[in-house]
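# Structural characterization, general
Given next are the chains, with one letter for each unit.
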Amino acid sequence: MSLLVVGLSHRSAPVSVLERAALPADAQVKLLQDTVAAEPASEAAVLATCNRIELYADVDKFHAGVAELSTLLAQHSGVGLEELTPYLYVHYEDRAVHHLFSVACGLESMVVGEGQILGQIKDSLARAQDLHSAGRLLNDLFQQALRVGKRAHTETGIDRAGQSLVTFGLEQLARGGDVQQWARGKRALVIGAGSMSSLAAATLARAGVAEIVVANRTVDRAERLAQILMEGDDTDVAARAIPMESVPAELTRADVAVSCTGATGLVLTAESVTDAVEGRTPAPRAVPGKDGPGAPGGESGSAAGPGAQRGGAPGTGLGGEDGCPLELSSVQGTAGFSVLGEAAVAGMAAADLEQHAAWVDNGTVGGDRRAGGPARPGTAGTLDPAADTDAIAALAATVATVGRIPERRRPEPVEEPQRPEPVLFLLDLAMPRDIDAAVHRLGGVRLVDIESLAEASAGAPMAADVDQVRRIVSDEVAAFGAALRAAHITPTVVALRTMAADVVAGEIARLDGRLPGLDDKHRAEITQTVRRVVDKLLHAPTVRVKQLAAEPGGAGYADALRTLFDLDPETVAAVSRAEDSTTEKDRGPA
């Protein structure tokens with residue numbers, strides 16, 4: 001087995017990189033075609049979801065395969081190889097099998113245990129089969145992955161460890177509250193009519209929304225989805241379809257919108273969302289001191305210049321208590337004291353003051369000078385070492401009094417603006433994103449996208465069933481590897497038995513030449529006896545070699561068998577091709 005997987009996912013790369021590396025359907029097709037055309041690979045399959053892009057291949061050389069697959073991923077994703085490489089992971093042989101089985105069970109999903117990945121693996125296999133890029137290895141691998149995933153969901157409670165990405169996203173919109181209570185009576189807009197959008201629409205319908213409007217570039221697909229929603233036995237929801245150009249108007253009526261399309265650009269811009277909520281939410285309050293020059297409490301909002309009194313002791317020239325970070329009580333009355341550079345020396349030991357003096361000697365500050373200290377001509381704000389001798393002396397006196405330069409006062413907490421309650425909830429499940437990330441900053445809007453879902457799920461607790469699923473994966477990987485290694489030696493064993501049968505046939509023909517009068521009864525008995533002898537001689541070695549070959553590192557037994565019996569490599573290859581051809585006729589997606 002020479003299975004190799006090269007890929008990146010939400011676990012290895014930031015969402016911004018995943019977004020840029022996303023592969024639309026036509027790019028996936030071209031990637032598969034180019035991969036099987038490359039020298040190291042004979043089979044290929046692509047698994048591309050909203051949070052992973054993986055290229056699987058059967059290669060004849062490991063290092064050449066890694067280099068080629070990495071280069072192809074970079075070329076088709078449009079992300080430079082040097083930029084992409086730090087985020088790529090590589091798995092080979094049994095580790096590659098373990099990885100795919102873990103993915104199929106939902107262990108590698110953003111929401112652990114979600115079952116949508118099984119449908120995506122099935123689609124990936126179907127695409128590779130349609131393009132004839134999946135041979136015996138990848139067909140067996142992906143179909144077994146589907147069976148392992150189904151087993152994990154059937155035999156364990158992995159479903160309790162997480163939900164689908166849609167359900168998790170809706171829970172985030174509801175801030176962890178009850179989704180049904182949050183959704184009841186809302187008007188929903190679903191943009192897109194693919195598998196993820198259809199799941200979102202069905203989930204919203206079951207949650208109790210009053211109306212679902214489906215928008216899609218192909219209106220027929222939107223109409224089919226709307227019809228399915230209205231005919232559902234477990235829902236009672238009004239549904240209708242609209243063309244994509246009607247989305248801005250419908251957004252002004254919607255309470256919640258879910259978008260998951262294959263568009264390469266933004267479907268909802270910040271401007272369109274702003275227009276949709278205009279008049280539906282009050283303007284946020286201004287933050288004191290954060291609204292620019294002239295705002296109340298801002299830097300230019302008062303006449304408090306250098307040396308101005310702002311509540312401090314009068315006549316000290318130190319600045320008021322609000323502006324001076326020193327403990328005024330420890331230095332008040334110190335004539336000529338300067339606060340220049342104080343922020344740099346807060347908490348400084350006396351032994352370090354000399355170094356600070358050198359900093360004052362060479363430093364500049366933007367015009368904030370000791371009260372009454374003249375500036376040098378042409379050097380506004382430049383410190384005069386002679387003029388600041390008193391400042392250093394004052395700092396030394398402070399140290400003598402309190403043992404250190406007093407700590408800088410902790411600033412008063414700034415009052416944060418209260419965002420208005422959301423009137424529009426947006427869920428973006430697309431990769432690359434459908435909704436402008438700038439929408440996060442809009443008042444009255446709550447946006448949950450792939451990036452925020454990744455952050456929310458990072459600390460999610462894992463159910464105890466996850467350990468059981470991991471044991472299932474380990475057992476299945478061992479069984480798959482053993483079966484694959486055993487299958488690898490089968491063509492050699494078949495070729496050996498074919499050669500033995502040819503030897504028996506040749507010897508019987510020679511016997512006929514020597515004993516032309518031998519009757520049919522005796523000839524048949526002799527033939528059967530010779531065949532039994534050959535079968536008994538070959539039985540134990542062939543059974544044992546299959547057992548040994550199934551063990552890790554057992555691939556070399558096939559080579560040993562071919563060498564010992566001088567088997568023709570082309571005969572072995574012909575048997576293998578015949579088996580592949582027969583298996584291909586009966587193979588179909590699981």
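This section reports on the structure supplied with the text.

What counts, and at which threshold
Residues numbered from 1 in each chain as written. Predicted model: local features only at pLDDT ≥ 70, side-chain atom pairs only at ≥ 80, totals over all residues. Heavy atoms only, no water. Axes fitted to C-alpha atoms, helices over the stretch in contact; angles between N-to-C directions. Helix = DSSP H or I, 4+ residues; strand = E, 2+ residues; numbered from the N terminus. Parallel < 35°, antiparallel > 145°, perpendicular 65-115°, else oblique. Left-handed = near helix turned anticlockwise from the far one by under 90°. Contact = heavy atoms within 4.5 Å. Nonpolar A, V, L, I, M, F, W, Y, C, P; charged D, E, K, R; others polar. Core = buried A, V, L, I, M, F, W, Y, C linked by side-chain atoms within 4.5 Å. Buried < 20%, exposed > 50% of the residue type's maximum accessible area, 1.4 Å probe, protein only. Pairing = 2+ DSSP bridges.

A few words on the packing of helix α18 (residues 465-514) against helix α20 (residues 556-564). The N-to-C vectors of α18 and α20 enclose an angle of 15°; their axes lie 9 Å apart at closest approach. As the angle between them shows, α18 and α20 are arranged roughly parallel. The way α18 lies across α20 gives a crossing that is left-handed. When α18 is examined against α20, the residues H488, I489, T492, V493 and L496 are found in contact with a partner set consisting of Y557, A558, L561 and R562. Partitioned by chemical class, the residues of the contact of α18 with α20 number six nonpolar, two polar and one charged.

What follows covers the side chain of Q116. With respect to the helices and strands, Q116 occurs in helix α6 (residues 116-130). Look past the residues within four positions of Q116 in its chain and what remains in contact with it is S164, L165, V166, M196 and L199.

Here the focus is the nonpolar core. In this structure, L165, W182, I212, L229 and L429 are the most contacted members of the largest nonpolar core, which totals 68 residues. Counting residues per element, this core draws most heavily on helix α10 (residues 195-207), which supplies six residues. Non-local contacts of L429, meaning those with residues more than four positions away in its chain, are made with C50, L165, V166, M196, V258, S259, C260, I450 and L453. Core analysis: the next-biggest nonpolar cluster, separate from the first, contains 36 residues, L107, L146, V473 and V477 among them.

Glancing now at the pairing of strand β4 (residues 89-92). A one-sided burial pattern is seen for β4, the buried positions being Y89 and H91 and the unburied ones V90 and Y92. Strand direction decides the pairing type here: strand β1 (residues 3-9) and β4, joined by four bridges, are antiparallel. Within β4, the residue paired with G7 across the bridge is Y89.

In this section: the sheet that holds strand β5 (residues 187-191). If you walk across this open sheet you meet the six strands as β7-β6-β5-β8-β9-β10, and the pairing is parallel. The sheet terminates laterally at β7 (238-243) and β10 (445-448), the two strands that pair on one side only. When strand polarity is set aside, the average angle formed by the axes of neighbouring strands in this sheet is 15°. With four bridges joining them, strand β9 (residues 424-428) and β10 adopt parallel strand pairing. What sits directly across from L426, in β10, is L447. The sheet strands contacting helix α8 (residues 165-173) are β8 (256-259), β9 and β10, and the helix crosses β9 at an angle near 150°.

A separate point is the environment of V503. Assignment of secondary structure puts V503 in helix α18. Relative accessible area serves as the criterion here: at 47%, V503 is assigned to the partly exposed category.

In spatial order, the strands read β2-β3-β1-β4; together these four strands make up an open sheet with antiparallel pairing. The open sheet has two free edges, formed respectively by β2 (41-49) and β4, since each of these has just one partner strand. Averaged over neighbouring strand pairs, the angle between their axes works out to 15° when direction is ignored. Looking at chain direction, β1 and strand β3 (residues 52-59) are connected through seven bridges and run antiparallel. Bridge pairing links L8 to I53 in β3. Running over the sheet, helix α3 (residues 62-77) touches β1, β3 and β4 and is turned about 35° from β1. Strands in contact with helix α5 (residues 94-104) are β1, β2, β3 and β4; relative to β4, the strand with the most contacts, it is inclined by about 115°.

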